[in-house]
Amino acid sequence: MSPFRLFIRSVRHAIRGIFDVARAEQSFRFQMFISIIVICFALLLPLDTWERVLVLLLCSAVMVLEILNSIMERFADAVQPRLSSMVREIKDMMAGAVFLTALTAGAIGVMIFYPHFHTLVCAILESCGGR
């Protein structure tokens, strides 16, 4: 099989994996939805290139970490029964990593988007007679 066909097969497997996690994990679907909205704002607002890159990296980091969280949960469930305290700790740690990354991404997002939304709202209010 040619290297190109092998590459295409690998891409298909990767896309199938993303669809599998999206189908199985509500948190991933929510994070993907929020990421799409945030990326649309990043494309529509007059952000600097580095701001757009940072937004894209942060959205990707949250979703990749959620995929890793899902993998670890499935692996932990396969290795030990759900009643094991170590499995619970592993799942909680992974969930904490996703949560911390999402909080950081949200805080940085506010720092990037707030000035642009503030300017936009002020411009709209001024065009409405300052109300």
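Our subject is the structure listed above.
Residues numbered from 1 in each chain as written. Predicted model: local features only at pLDDT ≥ 70, side-chain atom pairs only at ≥ 80, totals over all residues. Heavy atoms only, no water.

*Asks:* Would you mind showing me how to read the packing of aromatic side chains here?
*Replies:* Working definition: an aromatic ring pair is given by the centre-to-centre distance plus the angle between the planes. Counting across every chain of the model gives two aromatic pairs. Taking 5.1 Å as the distance between ring centres and 85° as the angle between the ring planes, the aromatic pair formed by Phe41 and Phe117 counts as edge-to-face. Of this pair, Phe41 sits in helix 2 (residues 26-44) while Phe117 sits in helix 4 (residues 85-127), and the two are 76 residues apart along the sequence. Residue classification places Phe117 among the partly exposed positions, given a relative accessible area of 30%. Ring centres of Phe113 and Phe117 lie 6.1 Å apart, and the angle between their planes is 40°; this geometry places the pair in the tilted category. (Phe/Tyr/Trp six-rings, centres within 6.5 Å; stacked < 30°, edge-to-face > 60°. Helix = DSSP H or I, 4+ residues; strand = E, 2+ residues; numbered from the N terminus. Buried < 20%, exposed > 50% of the residue type's maximum accessible area, 1.4 Å probe, protein only.)

*Asks:* Which parts of the structure should I look at to understand the packing of helix 2 against helix 3 (residues 49-79)?
*Replies:* Two packed helices can be described by the angle between their axes and the distance between those axes. Two elements in contact, helix 2 and helix 3, have axes whose closest approach is 10 Å; the angle formed by their N-to-C orientations is 175°. As judged from the angle between their axes, helix 2 and helix 3 are roughly antiparallel. Along its contact with helix 2, which presents Ser27, Phe28, Gln31, Met32, Ser35, Val38, Ile39, Ala42 and Leu43, the element helix 3 presents Arg52, Val55, Leu56, Cys59, Val62, Met63, Glu66 and Ile67. Looking at the contact of helix 2 with helix 3 residue by residue, the class counts come to twelve nonpolar, three polar and two charged. (Axes fitted to C-alpha atoms, helices over the stretch in contact; angles between N-to-C directions. Parallel < 35°, antiparallel > 145°, perpendicular 65-115°, else oblique. Contact = heavy atoms within 4.5 Å. Nonpolar A, V, L, I, M, F, W, Y, C, P; charged D, E, K, R; others polar.)

*Asks:* Help me understand a nonpolar patch on the surface in this model?
*Replies:* Residues Phe4, Phe7, Val11, Ile15 and Phe19 make up a contiguous nonpolar surface patch of about 520 Å² in total accessible area. When you line up the elements, Ile15 lands in helix 1 (residues 3-24). (Patch = residues over 30% accessible without salt bridge, like charges linked within 9 Å, V, L, I, M, F, W, Y side chains within 5 Å. Areas by Shrake-Rupley, 256 points an atom, 1.4 Å probe, with all protein chains shown as cover. Salt bridge = Lys/Arg side-chain N within 4 Å of Asp/Glu carboxyl O.)

*Asks:* How do you make sense of helix 4 when you look at a structure like this?
*Replies:* Since one α-helical turn is 3.6 residues long, residues separated by three or four positions face the same way. For helix 4, which comprises 43 residues, the first-to-last C-alpha distance of 60 Å matches the rise-based estimate of 63 Å (1.5 Å per residue) to within 8%. At Phe113, helix 4 shows its strongest bend, of approximately 40°, with the proline Pro115 following within four residues. Along helix 4, the residues classified as buried are Val87, Lys91, Met94, Val98, Ala105, Gly109, Ile112, Phe113 and His116. Summarising the contacts, the buried residues of helix 4 are in contact with helix 2 and helix 3. (Expected span 1.5 Å × (residues − 1). Bend = angle between axes of the 7 residues up to and from the residue.)

*Asks:* Even after reading the chapter, I still don't get the pattern of salt bridges, so can you show me in this structure?
*Replies:* Pairing of side chains with opposite charge becomes possible as their charged atoms draw close. A full pass over the atoms with the stated rule returns four salt bridges. Between Arg23 and Asp20 there is a salt bridge, with its nearest N and O atoms 2.6 Å apart. Remark: Asp20 and Arg23 occur in helix 1; sequence separation between them is three residues, near one turn of the helix. According to the relative accessible area criterion, Asp20 is partly exposed, its value standing at 31%. Ionic pairing is found between Arg88 and Asp92, a salt bridge with its closest N-O pair at 2.8 Å. You can see Arg88 and its partner Asp92 sitting in helix 4, four residues apart, about one turn around the helix. Here Arg88 falls in the partly exposed class, since its relative accessible area comes to 46%. Three or more residues joined by partner-sharing salt bridges are found here, namely Arg88, Glu89 and Asp92.

*Asks:* Just to check I follow, could you spell out the packing of helix 2 against helix 4 for this structure?
*Replies:* At their nearest, the axes of helix 2 and helix 4 sit 12 Å apart, and the two run at 25° to each other. On the basis of the axis angle, helix 2 is roughly parallel to helix 4. Along this stretch, helix 2 crosses helix 4, giving a crossing that reads as left-handed. The segment helix 2 lies against helix 4, with Gln31, Val38, Phe41 and Ala42 engaging Val98, Phe113 and Phe117. Here the residues of the contact of helix 2 with helix 4 sort into six nonpolar, one polar and no charged. (Left-handed = near helix turned anticlockwise from the far one by under 90°.)

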